[in-house]
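Fold and contact review
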Amino acid sequence: MYGGGNTFEGIKTDSLEQEDPILLAAFEARIARGEKIEPSDWMPALYRKQLIRMIEQHAHSEIIGALPEGTWITRAPGFKRKMALMAKVQDEVGHAQLLYSAAETLGKTREEMIADLISGKSKYSNIFNYPAFTWADACFISWLVDAGAIVNQLANAKGSYGPYCRALERICAEESFHLKYGHHCVIYLAAGTRIQREMFQEAINRWWTPMMHFFGPADKISTHTQVLMKWKVKMSTNDDTRNQFLDMYVPKILELGFIIPDSKLKKNEDTGRWDYTEPDWEEFKRVINGDGPCNHERLEVRRIAEERGRWVREALKQPGTQYIKPLA
Ligand code: BYC
């Protein structure tokens, strides 16, 4: 369970040996020219398999990602915040819908993907396996997790697979509202009482390591980066995306008067890159393999939602059914 990666059963190969070299060369030439690959175009089995893995994990991340913030809808401080958070959470679920549809174009059904999520076979983003104890935790997610997601998605929206790129473009447009909402919430806390400032500082302390993990393992230990970069599915390596996030957001966090819990964090003016303490990659492995603080709860919520919604899905599969009595 969890550890074996998300291998779509129908696509076993991890090598290119079975591929027709002429078709493969034509495919790679199209990618090199910056063309989009569409669902009915020829593609190597490994490209299909990698795309399914990554898009599916992304879809699961959106739907599970709705949960930690979702728990704050009923407790949001004030009606305006409640309305905005409700809309944001709804957007995240909508992103999952777009992404599941993009993954379905590659031949794996939504039912199979949801089953793999609930059984623990598929992965989803590490960061949503941590609890949102306070309102400030929800604000951290809305501002900084969304910011990290945008850095990743803006790059990958320029990638090679048409349906994924188009979904990402739309997602980024919505995420930019989330980011503004999240930043507004954090500015409010930063400009508030001592207790409000402390509350956000504690959220930073809790979420910084998972945030560093969010961009994936260091390039030197990343499994898939090389092949994904070659075929322009990933347009930036994990370390480069992490670095870009630090470039854009460390100054913003510091200017609000908060402290980042890493004494080594500093921009190296010679390399133009950030030096930081390597986050604990053993913790990362545990969390993405099912052993984080909230993994069990997150999957259980999805499993219950799936069961409760079954009758609706079954009803929708019978288009001939008509109501014989008015409902009210
Ligand atoms: N969490 O070879 P690597 C959102 C896994 S939601 C969990 O570097 P890759 C939001 C990886 O899958 C948007 N697992 O992988 C929602 C692989 O395992 P398998 C979240 C991770 O694919 C609601 C293994 O580690 N964004 O923003 O080249 C509210 C080796 O890694 C993670 C996305 O999903 C992780 N963080 O690169 C608020 C972006 N990182 O499959 C906000 C889409 C790595 O071999 N995904 N693993 O068993 C990606 O861009 C890439 O998949 C990653 C990883 C950069 C994350």
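Residues numbered from 1 in each chain as written. Predicted model: local features only at pLDDT ≥ 70, side-chain atom pairs only at ≥ 80, totals over all residues. Heavy atoms only, no water.

**Brief notes about the overall build of the chain**
Selection criterion: Secondary structure elements follow DSSP: runs of H or I of four or more residues count as helices, runs of E of two or more count as strands, with numbering from the N terminus. In this treatment the radius of gyration is a C-alpha quantity, and the globule benchmark scales as 2.2 Å times the residue count to the 0.38 power. Burial classes: relative accessible area under 20% of the type maximum marks a residue as buried, over 50% as exposed, and values in between as partly exposed (1.4 Å probe, protein chains only).
Helices and strands together make up the secondary structure of the chain, namely 12 helices and two strands. Reading the secondary structure of the chain in the N-to-C direction produces α-α-α-α-α-α-α-α-α-β-β-α-α-α. Computed over its C-alpha atoms, the radius of gyration of the chain comes to 21 Å, within 12% of the 20 Å expected for a compact globule of 328 residues. The principal-axis extents of the C-alpha atoms in the chain amount to approximately 70 × 65 × 35 Å. Counting every position in the chain, which comprises 328 residues, the buried fraction comes to 49%.

**A look at the site of the ligand**
Note the threshold: Residues are labelled near a given molecule or strand when at least one of their non-hydrogen atoms is within 4 Å of it. Polar contacts, as counted here, are pairs of nitrogen or oxygen atoms within 3.5 Å of one another; within protein the pair requires one atom able to donate a hydrogen and one able to accept it, and residues that are adjacent in sequence qualify only if both atoms are side-chain atoms. Note on residue categories: nonpolar means Ala, Val, Leu, Ile, Met, Phe, Trp, Tyr, Cys or Pro, charged means Asp, Glu, Lys or Arg, and polar means any other residue, Gly included.
Of all residues adjacent to the ligand, which total 38 residues, the nearest are Gln57, Lys123, Asn152, His224 and Lys234. Residue Phe214 places a main-chain N or O atom 3.0 Å away from a nitrogen atom belonging to the ligand. Take Ser222: an N or O atom from its side chain is 2.8 Å from an oxygen atom of the ligand. Going through the elements one at a time, helix H2 (45–70), helix H3 (79–104), helix H5 (135–156), helix H7 (194–214), helix H8 (225–230) and helix H10 (281–288) are the ones with two or more residues in the shell around the ligand. Considering every element that reaches the shell around the ligand, the biggest residue donor is H2, with eight residues. Of the residues in the shell around the ligand, the class split is 13 nonpolar, 17 polar and eight charged.

**Overview of the packing of H5 against H7**
A pair of packed helices can be characterised by two numbers: the angle between their axes and the separation between those axes. Using the following cut-off: Note on definitions: angles span 0 to 180 degrees between N-to-C directions of axes, and those axes are lines fitted to C-alpha atoms, for helices only across the stretch in contact. Each crossing gets its hand from how the near helix is turned against the far one by less than a right angle, where anticlockwise is left-handed and clockwise is right-handed. Residues count as neighbours in contact if any of their non-hydrogen atoms are within 4.5 Å of one another.
The geometry of H5 relative to H7 is characterised by a closest axis approach of 9 Å and an angle of 35° between their N-to-C directions. Crossing angle aside, the handedness with which H5 passes H7 is right-handed. Contacts between H5 and H7 pair Trp135, Ala136, Asp137, Cys139, Phe140, Ile141, Trp143, Leu144, Val145, Gly148 and Ala149 from the former with Met199, Phe200, Ala203, Ile204, Arg206, Trp207, Met211 and Phe214 from the latter. Taken together, the residues that form the contact of H5 with H7 break down as 16 nonpolar, one polar and two charged.

**Overview of the side chain of His213**
On the secondary structure map, His213 appears in helix H7. Overall, the relative accessible area of 1% leaves His213 in the buried class. Side-chain polar atoms of His213 contact the backbone oxygen of Asp280, separated by 2.9 Å. Filtering out sequence-adjacent residues up to four positions away, His213 remains in contact with Asn126, Pro279, Asp280, Trp281, Glu283 and Phe284.

**Overview of the nonpolar core**
Across soluble globular proteins, nonpolar side chains have a tendency to be buried as a group. To be explicit about the condition: Among buried residues, the Ala, Val, Leu, Ile, Met, Phe, Trp, Tyr and Cys ones that are joined through side-chain atoms within 4.5 Å form a nonpolar core.
With 84 residues, the main nonpolar core has Tyr47, Trp135, Phe200 and Trp208 as its most contacted residues. The greatest single-element share of this core, amounting to 12 residues, is contributed by H5.

**Overview of the confidence of the model for the chain**
For any part of a model where pLDDT is low, the fine detail of the predicted coordinates should not be relied upon. Threshold: Per-residue confidence from the prediction method is given by pLDDT, with values spanning 0 to 100.
Looking at the chain as a whole, its pLDDT mean stands at 94, while 94% of the residues score no less than 70. Segment residues 1–8: pLDDT under 50, and 25 contacts once partners within four positions in sequence are set aside and those in other chains are kept.

**Concerning the packing of aromatic side chains**
Using the following cut-off: Two aromatic rings, drawn from Phe, Tyr or Trp (for Trp, its six-membered ring), form a pair once their centres lie within 6.5 Å of each other, and the interplanar angle then sorts them: stacked below 30 degrees, edge-to-face above 60, tilted otherwise.
This model, assessed by the stated rule, comprises 15 aromatic pairs. On the numbers, 6.0 Å between centres and 80° between planes, the contact of Phe27 with Trp42 is edge-to-face. Placement of Phe27 in helix H1 (residues 21–32) and of Trp42 in the loop between H1 and H2 is noted, with a sequence separation of 15 residues between them.

**Some remarks on H3**
What counts here: Multiplying 1.5 Å by the helix residue count minus one yields the expected span of that helix.
If you check H3, its first and last C-alpha atoms are 38 Å apart, about what 26 residues at 1.5 Å a residue would give, namely 38 Å. Within the sequence span of H3, burial applies to Arg81, Leu85, Lys88, Val89, Glu92, His95, Ala96, Leu99, Tyr100, Ala102 and Ala103. Of the surrounding secondary structure, the elements contacted by the buried residues of H3 are H2, helix H4 (110–119), H5 and helix H6 (162–190).

**Focus on unusual backbone geometry**
Most peptide bonds adopt trans geometry, and most residues besides glycine take a negative phi value. Phi at Lys232 is positive, roughly 55°, even though this residue is not glycine. With respect to the helices, strands and loops of the structure, Lys232 is situated in the loop between H8 and helix H9 (238–255).

**A closer look at the pattern of salt bridges**
Where side chains of opposite charge bring their charged atoms close, a pairing between them can arise. Cut-off, in case you're wondering: When a carboxyl oxygen of Asp or Glu lies within 4 Å of a side-chain nitrogen of Lys or Arg, that pair is called a salt bridge.
This model, assessed by the stated rule, comprises 21 salt bridges. In this structure, Asp146 engages Lys88 in a salt bridge whose closest nitrogen and oxygen atoms are separated by 3.0 Å. With a gap of 58 residues between them, Asp146 in helix H5 and Lys88 in helix H3 connect regions that are remote in the sequence. Grouping residues by exposure puts Asp146 and Lys88 together as buried. Here the residues in one salt-bridge network are Arg30, Arg33, Glu35 and Asp41, joined through shared partners.

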